[in-house]
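# Examination of the molecular architecture
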Amino acid sequence: MEFLIIFIAGLAAGVHFTKKYQFNKYAVHIGEQIVTDVLKLSLPEDSYALLSNVTLPITDDNNQKGTSQVDHILISTRGVFVIETKHYRGSIVGTHKAKQWYQYTQFDKHSFQNPLLQNFSHLMAIESITGFSHHDMHNVVSFTGNAEFKSERPKGVLKSSELKAFIESFPNSSLSADEIYYLVGKLQVHRLPETAETDRKHVEYLTTKHQTKAAK
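Thresholds, definitions, all that
- Residues numbered from 1 in each chain as written.
- Predicted model: local features only at pLDDT ≥ 70, side-chain atom pairs only at ≥ 80, totals over all residues.
- Heavy atoms only, no water.
- Buried < 20%, exposed > 50% of the residue type's maximum accessible area, 1.4 Å probe, protein only.
- Helix = DSSP H or I, 4+ residues; strand = E, 2+ residues; numbered from the N terminus.
- Pairing = 2+ DSSP bridges.
- Polar contact = N/O pair within 3.5 Å; in protein donor to acceptor, adjacent residues only side chain to side chain.
- 1 Å grid on protein atoms, 1.4 Å probe; cavity = no way out; pocket = protein on both sides within 12 Å on 5 of 7 lines; lining within 4 Å.
- Points joined across faces, edges and corners; volume = space filled by probe spheres on them.
- Nonpolar A, V, L, I, M, F, W, Y, C, P; charged D, E, K, R; others polar.

Within strand E3 (residues 79-86), 8 of the 8 residues are buried, which leaves the element mostly enclosed by the surrounding structure. Because side chains alternate across E3, one face comprises the buried residues Gly79, Phe81, Ile83 and Thr85, and the other comprises Val80, Val82, Glu84 and Lys86, equally buried. In this sheet, E3 lies alongside strand E2 (residues 65-76) in antiparallel orientation, the contact comprising 5 bridges. Residue pairing for E3: Ile73 is matched across the bridge by Val82. Linkage of E2 to E3, two consecutive antiparallel strands, is achieved through a turn of 2 residues. Of the pairings in the sheet, the one linking E3 to strand E7 (residues 137-143) comprises 7 bridges and is parallel in character. Residue pairing across strands places Val80 opposite Met137, the latter belonging to E7.

So, on to the side chain of Arg191. Within the secondary structure layout, Arg191 lies in the loop between helix H4 (177-190) and helix H5 (196-215). Judged by relative accessible area, Arg191 falls into the buried class, the value being 16%. In terms of polar contacts, Arg191 uses its side chain to reach the backbone carbonyl oxygen of Ser52, at 2.9 Å. At a separation of 3.2 Å, a polar atom in the side chain of Arg191 contacts the main-chain carbonyl oxygen of Asn53.

On to the layout of surface pockets. There is about 350 Å³ of room inside the second largest pocket. Along the wall of the second largest pocket there are 14 residues; nearest its centre are His96, Leu123, Met137, His138 and Asn139. Elements with a contribution of two residues or more to the lining of the second largest pocket: helix H2 (115-130) and E7. For the lining of the second largest pocket, the element with the highest residue contribution is H2, accounting for 4 residues. Split into classes, the residues belonging to the lining of the second largest pocket amount to 7 nonpolar, 6 polar and 1 charged.

Written out as structure tokens, the structure is:
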């Protein structure tokens, strides 16, 4: 009887985890699609290139081979915008330098990695591939759900509806057409295929990386 109770409890927990994982995957997809649609519909096609779901090879601080997965890279005459997407609801609390941010909903609270710091690693991956300085890129986090900030929003954190105005606030002569073609070409040559295998290996790398950090 005790075994049966434990089995049922474990099965219920597994179902809950699976549903939560599937919801998170759906939220990621829908958030990225919203940003893609906003950018394609609001910006002139002849002045930018948009690369989405870009997985780049990296060598991390521990000299381990791995990957960096970038939601969106917008390369335009107004500059290079590296965009991390978050499709969240509820209330968000976080600062520019805090390692963890917090999401509060009606039913629970959970922490997540500061997306500005998360996205900074993407800037560094792009720099290592292209040679284009991260200082000249724009670190952008776009919230696509109905989440509201309960603390002051850090610089570069935007709602998806604010992306167009933010991008157009920069000079239209930041990059030449040749520079845009060069950056797009370098990234397209080095990016890994958009396949389930690429995603699986990326998750494996992140899991190993976090386990190594936890063991220290």
